[in-house]
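# Descriptive structure summary
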Amino acid sequence: DRAALRGMVAHLKRADCVAVFPEGTRSPDGSLGVFKPGAALVQRQTSAPLVPVVIRHTARVFPKQARFPRPGRIELEFLAPIDPAQESPLEAARAAIARALPGDGKV
């Protein structure tokens with residue numbers, strides 16, 4: 001959605017924070033999915049720093065096939081910021097998230 005991307009760029013240029021779910025959807029089993037290119041486009045246009053976040057237990061609390069979340073707890077882990085000057089900061093963020101996941105790669 002180009003309007004959404006333009007809105008994110010505008011917010012970041014005003015030094016606002018923007019949360020992006022670069023996979024674009026929840027995975028059916030809680031595994032880390034492929035990142036879509038929109039977040040990388042916004043990052044390149046703004047040079048905004050990236051702070052990767054691992055969100056755990058969402059597959060249990062809000063399964064993909066569910067219409068509403070179940071009572072339960074999720075856990076957020078904020079990782080070290082990624083230098084926006086890197087060649088592929090979004091891929092670096094994805095790699096940091098993957099390293100923070102357990103051996104099965106599921107959150």
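Refer to the structure above for everything that follows.
Residues numbered from 1 in each chain as written. Predicted model: local features only at pLDDT ≥ 70, side-chain atom pairs only at ≥ 80, totals over all residues. Heavy atoms only, no water.

### Digging into the overall build of the chain
Counting secondary structure elements, the chain contains four helices and two strands. From first element to last, N terminus to C terminus, the chain shows the α and β order α-α-β-α-β-α. Compactness check: the chain gives a C-alpha radius of gyration of 15 Å against a globular reference of 13 Å for 107 residues, within 12% of the reference. When its C-alpha atoms are laid out on the principal axes, the chain stretches across 35 × 30 × 20 Å. Here the chain holds 107 residues, and 26% of them are scored as buried. Taking contacts inside the chain between residues at least 6 apart in sequence as the whole, the part at least 24 apart equals 60%. When the accessible surface of the chain is summed, it comes to about 7400 Å², and 57% of that surface belongs to carbon and sulfur atoms. (Helix = DSSP H or I, 4+ residues; strand = E, 2+ residues; numbered from the N terminus. Rg over C-alpha atoms; globule rule 2.2 N^0.38 Å. Buried < 20%, exposed > 50% of the residue type's maximum accessible area, 1.4 Å probe, protein only. Contact = heavy atoms within 4.5 Å. Areas by Shrake-Rupley, 256 points an atom, 1.4 Å probe, with all protein chains shown as cover.)

### Considering the side chain of R56
Of note, R56 is situated in strand 1 (residues 53-56). Separated by 3.0 Å, the side chain of R56 and the backbone oxygen of A100 make a polar contact. (Polar contact = N/O pair within 3.5 Å; in protein donor to acceptor, adjacent residues only side chain to side chain.)

### Section: the packing of aromatic side chains
Tallying each qualifying case throughout the model produces zero aromatic pairs. Of note, R26 hangs over the ring of F62, and the distance from its end group to the ring centre comes to 3.9 Å. For the cation-ring pair, R94 lies above F35, with the distance from its terminal atom to the ring centre recorded as 5.7 Å. (Phe/Tyr/Trp six-rings, centres within 6.5 Å; stacked < 30°, edge-to-face > 60°. Lys NZ or Arg CZ within 6 Å of the ring centre and 35° of its normal.)

### Topic: helix 4 (residues 89-100)
Given a rise of 1.5 Å per residue, 12 residues ought to cover 16 Å, and the 17 Å separating the end C-alpha atoms of helix 4 matches this to within 8%. Residues of helix 4 that are buried: P89, L90, A92, A93, A96 and I97. One face of helix 4 carries all of its buried residues, which in axial projection span an arc of 160°. Residues of helix 4 that are buried make contact with helix 2 (38-46) and strand 1. (Expected span 1.5 Å × (residues − 1). Arc of directions from axis to C-beta.)

### Re the pattern of salt bridges
Between side chains of opposite charge, a pair can form when the charged atoms approach closely. Across all of its chains, the model carries three salt bridges by this definition. R14 serves as the salt-bridge partner of D16, at 3.4 Å between the closest nitrogen and oxygen. Taking the shortest distance from any N to any O, the salt bridge between R56 and E77 comes out at 2.7 Å. One end of the pair, R56, is in strand 1; the other, E77, is in strand 2 (residues 75-78), with 21 residues separating them in the sequence. For R56, a relative accessible area of 13% corresponds to the buried category. Overall, the relative accessible area of 30% leaves E77 in the partly exposed class. Several salt bridges converge on common partners, so that one network encompasses R56, E75 and E77. (Salt bridge = Lys/Arg side-chain N within 4 Å of Asp/Glu carboxyl O.)

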